[in-house]
Amino acid sequence: MTDAITKRPRAQGIGARVLRREDARHLHGEGSFVEDLRLPGLRHVAFVRSQIPHGRLERVVVPPEAEPGCVWTEAELAPWATPLTATSTLPSYRTAPLPNLAVGKVRYVGEPIAVAIADSRAEAEDLAESLEVDIEPLPAIVDVAGALDPNATLLHEDWPDNVFARTEGDLGDVDAAIARADVSLTRRYTMNRQAVVPLETRAVAAHYDRSRGQLTLWTSTQTPHMIHDMVAEQLGIDGSRLRVIAPDVGGGFGAKCSVYPEEITLAAIAMHVPFPIVWVEDRWEAQVAMTQARDTVYEITAHADSDGRLLAIEAEIAVNAGAYSVHPWTAAMDAGMGAAMVPGPYDVQNYRFRTVSYASNKAPLGPYRGVARPGACLAIERTMDDLAREVGIEPAEIRIRNMVGPAQMPYTSVARKVYDSGDYPEAVRRATSLIDHDRWRLEQKLLDPASRRRIGIGYASFTEQTAHGCLEWASRGLAITIGKEGARLLLDASGSFTLSVGVKSQGQGHETSLAQVVSEVFDVDVSRVTLNAGDTSLTPRGDGTFASRSMVMAGGATFGAASALADKVLRIAGVLLQEDPDRLFFHQGEVHGPGGTSVTLAHLAREFLFTPDHVPGVDGGLEETFFYEPTQQTGTYTYATHAAVVEVELDTGQVRILDYGVVEDCGTVVNPLIVDGQIIGGVAQGIGTALLEELVYDEDGQPKSTSFLDYLLPGAAEIPEIKIDHMATPSPFTTFGVKGAGESSAIAPPAALANAVSDALADIGATVNETPMTPRRVWEQIQAAEAADASPSEVAS
Amino acid sequence: MKPAAFSYHRATSADSAVALLAELGEDAKVIAGGQSLLPIMNMRLAEPAHLVDLAGADDLRDWQESDGDVTLGAMSTHGMIEDGLVPDPCNGLLQHAASGIGYRAIRNRGTIGGSLSHADSSAEWPTVLSACDAAAVIRSVAGTREVPLSDFFFGFFSTALQLDEVLVAVRIPRFAPDRVWGFVKTNRKLGEFAESLAVVTYRRVEDAVVSPRVWLGAARDVPVRLAGVEALLSDDGPDAPPVQAVRDVILTELEQDWDAMDPGERHMAQLHAVTVRNAIKHAQEVHHG
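Residue indices begin from 1 for each chain and proceed along its sequence in written order. Chains and ligands are labelled sequentially in the order written, the chains with letters from A and the ligands with numbers from 1. For this predicted model, a pLDDT threshold of at least 70 governs which residues receive local features, and a threshold of 80 or more governs which side-chain atom pairs are given and counted, while totals over whole chains, interfaces and linings are taken from all residues. Remark: hydrogens and water are excluded; side-chain values derive from all non-hydrogen atoms of the structure.

It is not clear to me how the overall build of chain A should be interpreted in this structure. Could you clarify?
When helices and strands are tallied, chain A shows 21 helices and 29 strands. The globule rule is 2.2 Å times the number of residues to the power 0.38, and the radius of gyration it is compared with is taken over C-alpha atoms. Taking 28 Å as the expected radius of gyration for a compact globule of 797 residues, we find that chain A reaches 28 Å, a close match to that expectation. Dimensions of chain A, computed from the C-alpha atoms along their principal axes, are close to 95 × 75 × 50 Å. The classification of residues rests on relative accessible area computed with a 1.4 Å probe and restricted to protein chains. Under 20% of the type maximum is buried, over 50% is exposed, and intermediate values are partly exposed. The proportion of buried residues among the 797 residues of chain A is 63%. In chain A, of all internal contacts separated by at least 6 residues, the share reaching a separation of at least 24 is 79%. Charge counting follows a simple rule: Lys and Arg are positive, Asp and Glu are negative, and His as well as the terminal groups are ignored. To locate a charge, take atom NZ for lysine, CZ for arginine, CG for aspartate or CD for glutamate. One finds the centroid of the 66 positive side-chain charges in chain A at a distance of 3 Å from the centroid of its 107 negative side-chain charges. Counting from the N terminus, the helices are the DSSP runs of H or I reaching at least four residues and the strands are the DSSP runs of E reaching at least two. Here, residues are in contact when the closest pair of their heavy atoms is within 4.5 Å.

Which parts of the structure should I look at to understand the domain arrangement of chain B?
Interfaces are often described in size by the accessible area the parts lose on coming together. Residues and elements named next belong to chain B. An automatic or database domain assignment is the source of the domain bounds shown. What the domain assignment lists for chain B is domain 1 (7-53), domain 2 (63-172) and domain 3 (179-288). The centre of domain 1, based on its C-alpha atoms, is set 18 Å off from the matching centre of domain 2. Every contact between the two is made by 13 residues of domain 1 and, on the other side, 15 residues of domain 2. Buried surface area refers to the total accessible area, computed with a probe of radius 1.4 Å, that the two partners give up upon joining, counted for both partners together. The largest share of the area that domain 1 buries against domain 2 comes from Val18, Ala32 and Gln35, three residues that together contribute 39% of it. Should a side-chain nitrogen of Lys or Arg be within 4 Å of a carboxyl oxygen of Asp or Glu, the pair is scored as a salt bridge. One can count 1 salt bridge joining domain 1 with domain 2. Among the ionic pairs, Arg139 bridges to Asp15, the shortest N-O distance being 3.0 Å. Pairs of N or O atoms within 3.5 Å make up the polar contacts considered here, provided that, within protein, one atom can donate a hydrogen while the other can accept it, and that residues adjacent in sequence are counted only when both atoms are side-chain atoms. Joining domain 1 to domain 2, the criterion identifies 1 residue pair in polar contact (both at pLDDT 80 or more). At 6 residues, the largest contribution of residues to the side of domain 1 that touches domain 2 is made by helix 1 (residues 14-24). Residues are grouped as follows: nonpolar covers Ala, Val, Leu, Ile, Met, Phe, Trp, Tyr, Cys and Pro; charged covers Asp, Glu, Lys and Arg; every other residue, Gly included, is treated as polar. Broken down by class, the residue content of the side of domain 1 that touches domain 2 amounts to 8 nonpolar, 3 polar and 2 charged.

Explain helix 19 (residues 672-692) of chain A here, please?
For an α-helix the count is 3.6 residues per turn, leaving residues at separations of three or four pointing the same way. All names here are of chain A. If you check helix 19, its first and last C-alpha atoms are 29 Å apart, about what 21 residues at 1.5 Å a residue would give, namely 30 Å. The buried fraction of helix 19 amounts to 16 of the 21 residues, a majority that puts the element mostly inside the structure. Two or three places before Leu673, at the opening of helix 19, Asn671 has a side-chain oxygen 3.0 Å from that residue's backbone nitrogen. A helix's residues, less one, multiplied by 1.5 Å, set its expected span.

Next up, the structure:
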């Protein structure tokens, strides 16, 4: 059968530059999002949300003239829905339920307190405003010092402190390594809190069909089956009575793959009111109540010899996980990931770490493109650069000296991750030529030291785990072990294919890329493959799209289903063409025999489905379902080196990007156009992390960055032309050798840019170790360094 | 983020607009392009009972020219000014300033009258038109009056306009042919509000600076005239002084004490100094160009 697949090159198969089919409707404004839903009698929901970061919810007074069934608090909701408690198998982990609607206390600005329903959103907001909410304020916890203070107010009063979890590890022989080190550097890195900001905010609609006892829940989610399972569980209803539909989803980036209280709440209410309801999140809500990201402090000590060879690393990581833990990731996710990623792509086997995930009066932390890896990358990559400077070698060189080499693959890291394939040092080498390293070093030399501009070059390398299996998730302590994915492929009497999958695109282009997998098997135009995704009644069970897993998992499942179906189609063709099926092959929508005979897929399918008696010896049906799991449970490792060139204005601290290059390896590339788009989008978000985006809170814990007036996102003018080079080393473990590509390019930009800025300011003696590197932060470092220079007796900060 | 209920009234002319305002009383607000007012209403930071929409008042989108000045109707959009669809009496300064206001979509609807009435000192028109010695033309049912912009702004979102008055036009004196200008807006991101905004104009008479105007926006609640920097230019000529010198003059002008400022405040003062210095340099480039 492999012959039939690999014999002829496929015009629209693996590797083809196929324009995305989904783009046409989106570019014409003809997408179909939850907000576009039109149902008879649909009414609108506005949430009453806490305006106070921490307090006792004393009472909610509903005006007596409010229409019955149109105002819901926890008291009304409790009989119909239980709050979800995220659990973990980590020994130190503390649980607390995530309320559907607040009861007893409120713990972050934006926490839902009540639901108001009316004919329009504006009227629902009027109704929401008319509720009287009494909250007795409590001191707000905003940072690690506040959270861990022995006299701190407790967020969860049945806990001994404000800590979700602590972890630690002592691997290899760190003390022996320290004893032989020539150089030891300690540095502290802060990556401030970010919002996730998908273009489409969250939206949930619910309709209960009383005649059939069926609840339909529309939600803008990355994980429809997970929402289905958990909503059914929290409502205590049979899963067969619930259908979850994710229509077009306008971006997710990790903020739409947790189970949200709004989903549970609307589903429950819909079963007890005689009309469908919809909630479309506004941007203020999204800025305060959608899961948030980053908010980490890493303290790294690197021990090396005089050649810059790493001997040991020590890391202390503090993660501000917000007020609650979300299912399924838990508040301990960032810390666990961060600790595992600090060793990076380097050959170092002595590592000691401690992490604390603490609670604060901010929105819960959740996944965001890269999940902790940007923070870990910033920490280790800035340290590598400082180490390089200390021992007097180029930053590219110190990476090449320390990286796991191709001959060492597969390599088990000190954190027990199996790096499966690739040439990490080669990516570094290519990155230096991609941005013409020597040219910029020359430009630096030619700059007059009296000039108020500086130029800097920065590199950042990483390797990341993608598409890992059940055992890996289990090792992280998650309550669910995510590791299988389903696909069903059906060929109909018109000769077209319907592919149903458990993943859900929020912009990844699955309608095109998964169709390319089908095309690789059958050699058909992708336009003949229709994708079903997002509707739990139409698709096989899957976990969803996150963790850069879809191409490996859903691609693998699609290939499995397509291969099984292709087998059957060839057997049918063998009967119709009177040929040995082993001698048949697919070509341009037909099955061909060795002697020149052929039959179109349409004719074959019609014949078989309409008159199956014409094809004796073949079981009925032209559809196959396949569940895929990776052979390597620890995943497949995508890696890259990013290179950044910046100009820093000394008088203002303004940073301008002069050049940016990415040398990346995500294994076999299914669609270069889509992967390039992912790289560019990831770098753009990384630039946002590095230079612009920050959720700011005042000293009372009030969020200040609640609109785009204050929260700055990178736009087209902030993103330079990005040079991209692909290494495309196939993974030994996956179908077609693909690896994950969705998140990787968001990981390195903060580190690459911080290294470039620090390189630019090296002659002044300033570095920057906090993101975003706003002009104010950069300028303050310059001021402090210039002051120290001018009067060495005064110690700079 | 939906507004509270309001009644909508559409004016057909300047006269009908002031008549509506007189009739509707104090809980009425005028809406021009809506680029500032609508977000404020959507966030329910303002809940006017009545909106008087000027979109249908064609006479407010007109302009008049004389030998001495150009009078632009209040409903002239930033886009009309950017595109040169109305006369620019300031040797290109107005066209240049207009092109940096927000994004093109905003410029299609935002108006010069709306910007002045809204009185955000981080916006372009309050500072630029103050530097141009412009005057606001204000009408009510009682008649028309003029207020020089230097007397028009009282504080954030607070102007000389009474509740029953509409700003109907802005009268801008013509620049002499030898008046040059520099305009620099400092912002974190293209299209955003200014963190600092500086306008420098003067008559360039050989190597001397005559009749300078230096105005700074986004530093205080109203645009600020920097007489100290004007004096520097008059005394020392058109070359840009070092940033530190400009900063010292600005600190004196704004009555700020560097040693008492926290790092954030110092950075803001620094940005203002750099912006003003760069506007002085820009004026020289405009002269040479």
